[in-house]
Amino acid sequence: MEKDLSNYRKSYEKGELLLENVPENPIELFRNWFIEIDTHFSIDETNAMTISTMGVDGFPKSRVVLLKKYTYEGFIFYTNYKSEKGKAIEANPNVCLSFFWHSAERQIIIKGKAEKISENLSDGYFESRPRGSQLGAIASNQSDVVLGRNELEAKLKALEAEYEGKEIMRPKHWGGFIVKPVELEFWQGRPNRLHDRIRYLLQPDYNWKIERLAP
Ligand SMILES: Cc1cc2nc3c(=O)[nH]c(=O)nc-3n(C[C@H](O)[C@H](O)[C@H](O)COP(=O)(O)O)c2cc1C
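Cut-offs applied
Residues numbered from 1 in each chain as written. Predicted model: local features only at pLDDT ≥ 70, side-chain atom pairs only at ≥ 80, totals over all residues. Heavy atoms only, no water. Near = heavy atom within 4 Å. Polar contact = N/O pair within 3.5 Å; in protein donor to acceptor, adjacent residues only side chain to side chain. Areas by Shrake-Rupley, 256 points an atom, 1.4 Å probe, with all protein chains shown as cover. Helix = DSSP H or I, 4+ residues; strand = E, 2+ residues; numbered from the N terminus. Salt bridge = Lys/Arg side-chain N within 4 Å of Asp/Glu carboxyl O. Buried < 20%, exposed > 50% of the residue type's maximum accessible area, 1.4 Å probe, protein only.

Okay, the site of the ligand next. The environment of the ligand is made up of 13 residues, and the closest members are Arg63, Val64, Thr79, Lys85 and Ser143. In the model, an oxygen atom of the ligand is placed 2.8 Å from a nitrogen or oxygen of the Lys61 side chain. The contact in question runs from an oxygen atom of the ligand to an N or O atom on the backbone of Glu84, over 3.3 Å. In the complex, the protein chains occlude 66% of the 610 Å² of accessible area that the ligand would expose alone. Looking at the shell around the ligand, the elements with two or more residues in it are strand 2 (60–66), strand 4 (75–80) and helix 2 (84–91). The biggest single contributor to the shell around the ligand is strand 2, with 5 residues.

Put into structure tokens, the structure is as follows:
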């Protein structure tokens, strides 16, 4: 089987990113882009991002998770600490996040270090989730092999009965990670493949060095 995609081509013309217009702090540029995307572009789940980890098997692996909070400190998402990604982060906290907002022709790539957030913060977020999602987090040993869908559904049903009328506490193996950035790259598609790429590098004095990269 073969399918040639060499004539899939698009000219990127929706914006520009100039050094003289970017803020000193990359989180502010992230915030500006995120709000613009949410307000002016039709993108489902603006907060969906790809996280790549270095696996304990020596392979990098990327998968999508949902960004649940960003602050000057970093980017927070929630997952199962015993999942493949959880184990990978435990062994090597260096991760890469990326966002591709295709209708705005923008990409952001963030290298950083992931660490568990406080138990209190994870509890707070877990409490805010719908009951179904809370039970789902307990029912699923994320990334383990299951015999069939039935097994998961039966487990969920049993948990629904067990927890009826009771408060559901966060399981200890489920919680948030914060990715504290050391490098962020903002990419804006431009015509003739002369795209704009602006990179922020964290310096030892915690200021950010800002540079333009060749496309
Ligand atoms: C749109 C979307 C959102 C997702 N959000 C999350 C999330 O917030 N947390 C999570 O653990 N998995 C999320 N997943 C599932 C992950 O992509 C992945 O399948 C799961 O975390 C297991 O990954 P692992 O086995 O590499 O640890 C999401 C998937 C998609 C497509």
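Glancing now at the pattern of salt bridges. Taken as a whole and assessed by the stated rule, the structure comprises 16 salt bridges. Between Glu105 and Lys10 there is a salt bridge, and its shortest N-O distance comes to 3.4 Å. Taken as a pair, Glu105 in the loop between strand 5 (94–101) and strand 6 (106–116) and Lys10 in the segment before helix 1 (26–40) lie far apart in primary sequence, 95 residues in all. Accessibility expressed as a relative area gives 3% for Glu105, which makes it buried.

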